[in-house]
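Observations on the model geometry
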Amino acid sequence: MSLTDRGFPLFLTFDLDAETMWTARDPNYAKRPILMSQGAYGWKVGVWRVMELLRRYEVRATFFIPGIIVEQRPQVVEALLKDGHEIAHHSHTHAWIVNLTPEQEREEMQKGFDAIKRATGQAPRGYRSPAAEFSPISLGLMKEYGFDYSSNFFDDDSPYLLEIDGETTDIVELPFRWVLDDAPFFQYSIVLPGRTMHPPSSVLESWKTEFDVLYHEDRMMMVGMHPEIIGQPSRLVVLEGLIKHARDHANVWMGRCDEMSDQIRPRLKAPR
Ligand SMILES: [Zn+2]
């Protein structure tokens, strides 16, 4: 049995971290306007270019956005909603969970939740933590806030139901891996020593190969990108190349995480 009615699920997701990509590393970076402008590229240019591409291929996607970016950029939120994209929870300030007290982590959860609810009229249905880290209380918070899906763990190539406190929940985990993220390949900055830029062709090769194997094994593919990174001209070609490659295959569904996880959930719950 396939995971969805429409076949193999290919999730194209975008974390619009914008300036929080830098301030989460060090709040003092807010005083460095050129560094901050590398984040601003996400909402000023990158996200619009990504939206235009998705419109051209009639793909609806999920954007994980920190609450303060949701609040600061209502024009972006409005355009995303108009095109039918989903806005999901990505903390409030992108503060790295490993550096927070439990109280601070709860505040990040609450404020990010409220910001999305205010801006979209609906509670966010999915959660992705900033910088791929959880604390011992994160899973419990996800359950408490009623999320329907999570895209956080790196331990599988197929979706599964999250187990929290020894109990299997209805929260669908949509796992990913660093090789399916644009940042390790492309993110370059003076403040990130050791990072080098990879040619777009090598990233497209990696993602097409990932697709071929995952498709053949009837699993899923979760790609996590950042508009400030993938939205640059030479990088957007990689995303377009992946979409074209996927469209050359029968029964591939590129869609929103909420809609796809709603189809996957009952199939994970069904006895085998
Ligand atoms: Zn992020």
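Above this note sits the structure.
Everything numeric here is computed off the predicted structure, so don't read it as measured data.

Observations concerning the coordination of the zinc ion
Surrounding the zinc ion are the protein donor atoms Asp17 (OD), Asp17 (OD), His90 (NE2) and His94 (NE2), at 2.0 to 2.4 Å. Coordination at the zinc ion is irregular, judged from the four donor atoms that bind it and the angles of 55 to 140° they form at the metal. All donors to the zinc ion come from one chain, and their sequence spacing reads D-x72-H-x3-H. You can see Asp17 sitting in the loop between β1 (8-15) and α1 (20-23) and its partner His90 sitting in the loop between β3 (86-89) and α5 (102-120), a full 73 residues away along the chain.

Focus: the side chain of Glu210
Position of Glu210 among the secondary structure elements: in helix α8 (residues 200-216). For Glu210, a relative accessible area of 17% gives the class buried. In this structure, Glu210 is in contact with Arg177, Val179, Leu180 and Met221, ignoring residues within four places of it in sequence.

Digging into the pattern of salt bridges
For the structure on display, the rule yields 19 salt bridges. Of the charged contacts in the structure, one is a salt bridge between Asp157 and Arg177, with a shortest N-O distance of 2.9 Å. Residue Asp157 is found in the loop between β5 (149-150) and β6 (160-164), and its partner Arg177 is found in the loop between β7 (167-173) and α7 (183-186); the two are separated by 20 residues along the sequence. Where Glu217 meets Arg219, a salt bridge forms, and the shortest distance between an N and an O atom there is 2.7 Å. Given a relative accessible area of 42%, Glu217 falls into the partly exposed group. The network of salt bridges with shared partners includes Arg60, Arg256, Asp258 and Glu259.

Focus on the layout of surface pockets
Quantified by volume, the largest pocket comes out at close to 350 Å³. In terms of lining residues, the largest pocket is bounded by 21 residues, among which Ala131, Trp178, Asp181, Ala183 and His226 are the most central.

What about the environment of Arg60?
Structurally, Arg60 can be placed in the loop between α2 (33-56) and β2 (62-65). On the basis of relative accessible area, Arg60 is assigned to the partly exposed category, the value being 36%. C-alpha of Arg60 to C-alpha of Asp157: the two residues are 97 residues apart in sequence and 22 Å apart in space. Here Arg60 is in contact with Asp83, Gly84, His85, Met254, Gly255, Arg256 and Glu259, once residues within four sequence places are set aside. Within the local environment of Arg60, its side chain forms a polar contact with the backbone oxygen of Gly84, the two atoms lying 3.4 Å apart.

Side note on helix α11 (residues 257-269)
Taking 1.5 Å per residue, 13 residues should reach 18 Å; α11 reaches 18 Å between its end C-alpha atoms and fits that length. The largest bend along α11 reaches roughly 25° and is located at Gln263, with the proline Pro266 sitting one to four residues downstream. For α11, every residue scored as buried is listed here: Cys257, Asp258, Met260, Ser261, Ile264, Arg265 and Leu268.

Here we look at the pairing of strand β8 (residues 221-225)
For β8, the buried fraction is high: five of the five residues fall into the buried class. Pairing between β1 and β8: five bridges, direction parallel. Opposite Thr13, over in β8, you have Gly224 as the bridge partner.

Details of the packing of α8 against helix α10 (residues 233-247)
Packing of α8 against α10 leaves a shortest axis separation of 9 Å and a crossing angle of 25°. With respect to α10, the element α8 is oriented roughly parallel. In the crossing of α8 with α10, the sense of the turn from one axis to the other is right-handed. Between α8, through Pro200, Val203, Leu204, Trp207, Lys208, Phe211 and Asp212, and α10, the contact on the second element is made entirely by Ser234, Val238, Gly241, Leu242, His245 and Ala246. Looking at the contact of α8 with α10, its residues break down into eight nonpolar, three polar and two charged.

Examining a nonpolar patch on the surface
On the surface, Tyr188, Ile190 and Met197 cluster together into a nonpolar patch covering about 370 Å² of accessible area. On the basis of relative accessible area, Ile190 is assigned to the exposed category, the value being 72%.

Things to note about α5
Here α5 contains 19 residues, and its C-alpha end-to-end distance of 27 Å stays within 8% of the 27 Å for a straight helix at 1.5 Å per residue. Within α5, the full set of buried residues consists of Glu105, Glu108, Met109, Gly112, Phe113, Ala115 and Ile116. All buried residues of α5 fall inside an arc of 160° around its axis, so they share one side. Across α5 from its buried face, at more than 90 degrees, point the exposed residues Glu103 and Arg118. Contact partners of the buried residues in α5: β2, α3 (67-72), β3, β4 (126-127) and α6 (138-144). At the exit of α5 stands Gly121, carrying a positive phi of roughly 80°.

Rules used in this analysis
- Residues numbered from 1 in each chain as written.
- Predicted model: local features only at pLDDT ≥ 70, side-chain atom pairs only at ≥ 80, totals over all residues.
- Heavy atoms only, no water.
- Donors = N, O, S within 2.8 Å, 3.2 Å for Na, K, Ca; no water.
- Tetrahedral: all angles 85-135°; square planar, octahedral: opposite > 155°, others 65-115°.
- Helix = DSSP H or I, 4+ residues; strand = E, 2+ residues; numbered from the N terminus.
- Buried < 20%, exposed > 50% of the residue type's maximum accessible area, 1.4 Å probe, protein only.
- Contact = heavy atoms within 4.5 Å.
- Salt bridge = Lys/Arg side-chain N within 4 Å of Asp/Glu carboxyl O.
- 1 Å grid on protein atoms, 1.4 Å probe; cavity = no way out; pocket = protein on both sides within 12 Å on 5 of 7 lines; lining within 4 Å.
- Points joined across faces, edges and corners; volume = space filled by probe spheres on them.
- Polar contact = N/O pair within 3.5 Å; in protein donor to acceptor, adjacent residues only side chain to side chain.
- Expected span 1.5 Å × (residues − 1).
- Bend = angle between axes of the 7 residues up to and from the residue.
- Pairing = 2+ DSSP bridges.
- Axes fitted to C-alpha atoms, helices over the stretch in contact; angles between N-to-C directions.
- Parallel < 35°, antiparallel > 145°, perpendicular 65-115°, else oblique.
- Left-handed = near helix turned anticlockwise from the far one by under 90°.
- Nonpolar A, V, L, I, M, F, W, Y, C, P; charged D, E, K, R; others polar.
- Patch = residues over 30% accessible without salt bridge, like charges linked within 9 Å, V, L, I, M, F, W, Y side chains within 5 Å.
- Areas by Shrake-Rupley, 256 points an atom, 1.4 Å probe, with all protein chains shown as cover.
- Arc of directions from axis to C-beta.

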